[in-house]
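# Summary of the model geometry
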Amino acid sequence: MDYKKPIPVKTQDNKPYWDAADDHEMMVQRCDECDQYAHPPGPSCAKCGGTNLSWQNLGSDIKGTVYTYIISYRPFLPGFQDDLPLIIAQVEIEEIPDVKILANVLDCEPEKVEIGMPVRMVWQDINDERALPQWKPIAN
Ligand SMILES: [Zn+2]
């Protein structure tokens, strides 16, 4: 497959998140000391500084609402020229409003996107190994 967009790099901190995405699941990091969820994942808790962090698997049925968004009309990176206009949204996860996931909203007219719009996570297989979380509107 000929994928021209940048592929997120797995690091020591975020590897469980991206590994889960490759399996079409969502994992989220949580502090064992203060129970704060952390996204994007890091080496320590942003709230209490604790380093005892664990991962919680939220599975494949992830819903949320658009918290904020932008619409891109210009390809700032190669590979995006055929996707324009592209909706890029930060979405609040239904089960854990503390966690917001930034991704594209697919299959949505730019004039239809709005704050509070319900969306569902889908995973786009970009090559044999990797998949990226994206959002799609929940038809209502
Ligand atoms: Zn903490």
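Residues numbered from 1 in each chain as written. Predicted model: local features only at pLDDT ≥ 70, side-chain atom pairs only at ≥ 80, totals over all residues. Heavy atoms only, no water.

## Observations regarding the coordination of the zinc ion
Taken together, Cys 31 (SG), Cys 34 (SG), Cys 45 (SG) and Cys 48 (SG) make up the full set of protein donors to the zinc ion, lying 2.3 to 2.4 Å away. With four donor atoms in place around the zinc ion and angles of 105 to 114° between them, the coordination shape is tetrahedral. Going along the chain, you hit the donors of the zinc ion in the pattern C-x2-C-x10-C-x2-C. In this pair, Cys 31 is assigned in strand 1 (residues 26–31) and Cys 45 in the loop between strand 2 (37–38) and strand 3 (53–59), connecting sequence segments 14 residues apart. (Donors = N, O, S within 2.8 Å, 3.2 Å for Na, K, Ca; no water. Tetrahedral: all angles 85-135°; square planar, octahedral: opposite > 155°, others 65-115°. Helix = DSSP H or I, 4+ residues; strand = E, 2+ residues; numbered from the N terminus.)

## As for the packing of aromatic side chains
Aromatic ring pairs: the centre-centre distance and the angle between the two ring planes describe each pair. For the structure on display, the rule yields one aromatic pair. With a centroid separation of 5.0 Å and 80° between ring planes, the pair formed by Tyr 17 and Trp 18 is classed as edge-to-face. Residue classification places Trp 18 among the buried positions, given a relative accessible area of 14%. (Phe/Tyr/Trp six-rings, centres within 6.5 Å; stacked < 30°, edge-to-face > 60°. Buried < 20%, exposed > 50% of the residue type's maximum accessible area, 1.4 Å probe, protein only.)

## Quick word on the pairing of strand 7 (residues 118–125)
As paired strands, strand 4 (residues 63–72) and strand 7 are joined by three bridges and run antiparallel to one another. Across the sheet, residue Gly 64 finds its bridge partner in strand 7, namely Val 119. Relative to strand 8 (residues 131–137), strand 7 runs antiparallel, the two being bridged by seven bridges. Along strand 8, the bridge assignment pairs Met 121 with Trp 135. Once strand 7 ends, the chain turns through five residues before running back antiparallel as strand 8. (Pairing = 2+ DSSP bridges.)

## With respect to unusual backbone geometry
Put simply, His 39 and Pro 40 share a cis peptide bond, and its omega is -5°. Omega for the peptide link from Leu 84 to Pro 85 comes to -10°, which places this bond in the cis form. Examined against the element boundaries, Pro 85 turns out to sit in the loop between strand 4 and strand 5 (86–93). Although it is not a glycine, His 24 adopts a positive phi angle of roughly 60°. By secondary structure assignment, the location of His 24 is in the loop between helix 1 (15–22) and strand 1.

## Some thoughts on the pattern of salt bridges
Inspection of every chain in the model, using the stated rule, returns nine salt bridges. Here Asp 61 ties to Lys 63 by a salt bridge, and the two come within 3.6 Å at their closest N and O atoms. Overall, Asp 61 belongs to the partly exposed group, its relative accessible area being 46%. By relative accessible area, Lys 63 is classed as partly exposed at 26%. (Salt bridge = Lys/Arg side-chain N within 4 Å of Asp/Glu carboxyl O.)

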